[in-house]
Amino acid sequence: MKILSIAIPCYNSAAYMRRCIDSLLSGGEDVEILIVDDNTAEIADEYEKNYPGIVKAIHQENGGHGEAVNAGLRNATGVYYKVVDSDDWVDVDVYLDIIKTLKELVAGPQTVDMFISNFVYDKAGAKHKKVMRYKAFPENEVFQWDHAKKLHIGRYILMHSVIYRTQMLRECGLELPKHTFYVDNIFVFQPLPYVKTFYYLDVNFYRYFIGRQDQSVNEQVMIGRIDQQLLVTRLMLGYYHSAKITSYKLRHYMVRYLEIMMTVCSILAIKSGTDENMEKKKQIWEELREQDLALYMRLRWGFLGQSMNLPGKSGRTVSIAGYKISQKFFGFN
């Protein structure tokens with residue numbers, strides 16, 4: 001039985017995917033590495049040939065990051081499922097500790113739904129590498145939402161920090177949209193109401209490589225793809241609206257996550273400087289008000305919502321200034 005299935009979406013990634021794959025091979029027979037590619041077949045097939053039973057190459061037409069994650073999930077045989085982007089990598093020693101812990105959990109009385117560890121913003125050219133830790137969570141024990149403290153702003157669970165139980169992802173109906181960027185937010189967000197048990201290990205596992213000019217999280221690239229950011233945010237608002245969320249702490253966390261998503265959409269529209277994108281910003285806020293008035297009031301009149309909706313040119317200048325301060329403090333983009 002495989003403990004962990006790891007999907008690696010590969011798109012135009014021949015230049016750096018080997019570092020990613022090589023960092024994962026030390027998991028040995030406990031893992032399966034699913035290389036989902038559209039134009040790197042030769043490299044993927046090479047690894048499958050050299051590491052039979054560990055590496056599997058999945059060839060498909062380019063459906064974007066989301067469809068690669070979907071393909072990995074369809075093919076996964078491991079108890080747990082992890083996504084590692086092809087330009088990122090993992091700390092090998094920590095990786096082995098995590099596999100050991102997952103094996104203990106599988107053998108024990110509770111196979112937890114979500115496993116959380118830290119990730120490092122490995123920004124190109126930056127001397128200081130910011131680490132995303134989750135001190136709000138109990139360490140080295142199985143816990144539920146009610147045992148967690150309130151997460152501070154900026155301390156959100158991202159795809160880089162999460163390992164999900166494979167069957168739970170299938171049961172919650174997770175299927176990411178094709179040809180859409182930023183779906184990693186959906187990957188983390190949609191399953192949350194189905195997660196009953198957690199485990200947090202305070203180790204720096206995932207190295208999130210950022211700072212390349214062509215990267216999807218590059219600010220100018222994000223502005224050019226604002227329609228996809230808006231689509232992802234609309235889907236997440238719908239998942240929250242339709243979910244049955246009994247835990248107050250989970251509701252609070254999901255609302256804070258949506259607050260960030262609406263902030264990102266708003267600031268991208270403001271920084272684009274176009275009337276067309278400002279109209280799109282106005283539209284998504286109006287849609288939210290019609291769909292869920294209580295959620296709209298919470299997001300629109302919270303600190304971030306007010307900051308993103310200041311009137312006039314001077315208001316937009318203040319919004320951008322606040323965003324830049326947050327950007328520098330939290331180290332994103």
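Treat the numbers as computed from the prediction; the structure is a model and nothing was measured.

K.L.:
Hey, could you go over a nonpolar patch on the surface for me, with residue numbers and the actual values?
P.N.:
Taken together, the side chains of L293, M297 and W301 define a hydrophobic patch exposed on the protein surface, amounting to about 330 Å² of accessible area. The residue L293 is located in helix α11 (residues 293-300) in this model.

K.L.:
Let's hear about the nonpolar core: which residues, and what values?
P.N.:
In this structure, Y164 and F187 are the most contacted members of the largest nonpolar core, which totals 108 residues. Sequence-distant contacts of F187, that is, excluding residues within four places in its chain, are made with V69, Y81, V83, M159, V162, Y164, L169, L174 and L176.

K.L.:
Please set out unusual backbone geometry residue by residue, giving values where relevant.
P.N.:
The phi torsion at H179 lies on the positive side, around 50°, for a residue other than glycine. Mapped onto the fold, H179 is located in the loop between α5 (166-171) and α6 (184-189). With relative accessibility at 54%, the residue H179 sits in the exposed group.

K.L.:
Quick rundown of the packing of aromatic side chains? Include the residues and the values.
P.N.:
All told, the structure shown has 24 aromatic pairs when counted by the stated rule. With a centroid separation of 6.2 Å and an interplanar angle of 50°, the aromatic rings of W89 and F209 are classed as tilted. Highlighted residues: W89 in strand β5 (residues 89-90) and F209 in strand β10 (residues 198-210), separated in sequence by 120 residues. Using a relative accessible area of 17% as the deciding quantity, one classes W89 as buried. By relative accessible area, F209 is classed as buried at 18%. Here Y95 and F205 contribute two aromatic rings whose centre-to-centre distance is 6.0 Å and whose plane-to-plane angle is 15°, an arrangement assigned as stacked.

Rules used in this analysis
Residues numbered from 1 in each chain as written. Predicted model: local features only at pLDDT ≥ 70, side-chain atom pairs only at ≥ 80, totals over all residues. Heavy atoms only, no water. Patch = residues over 30% accessible without salt bridge, like charges linked within 9 Å, V, L, I, M, F, W, Y side chains within 5 Å. Areas by Shrake-Rupley, 256 points an atom, 1.4 Å probe, with all protein chains shown as cover. Salt bridge = Lys/Arg side-chain N within 4 Å of Asp/Glu carboxyl O. Helix = DSSP H or I, 4+ residues; strand = E, 2+ residues; numbered from the N terminus. Core = buried A, V, L, I, M, F, W, Y, C linked by side-chain atoms within 4.5 Å. Buried < 20%, exposed > 50% of the residue type's maximum accessible area, 1.4 Å probe, protein only. Contact = heavy atoms within 4.5 Å. Phe/Tyr/Trp six-rings, centres within 6.5 Å; stacked < 30°, edge-to-face > 60°.

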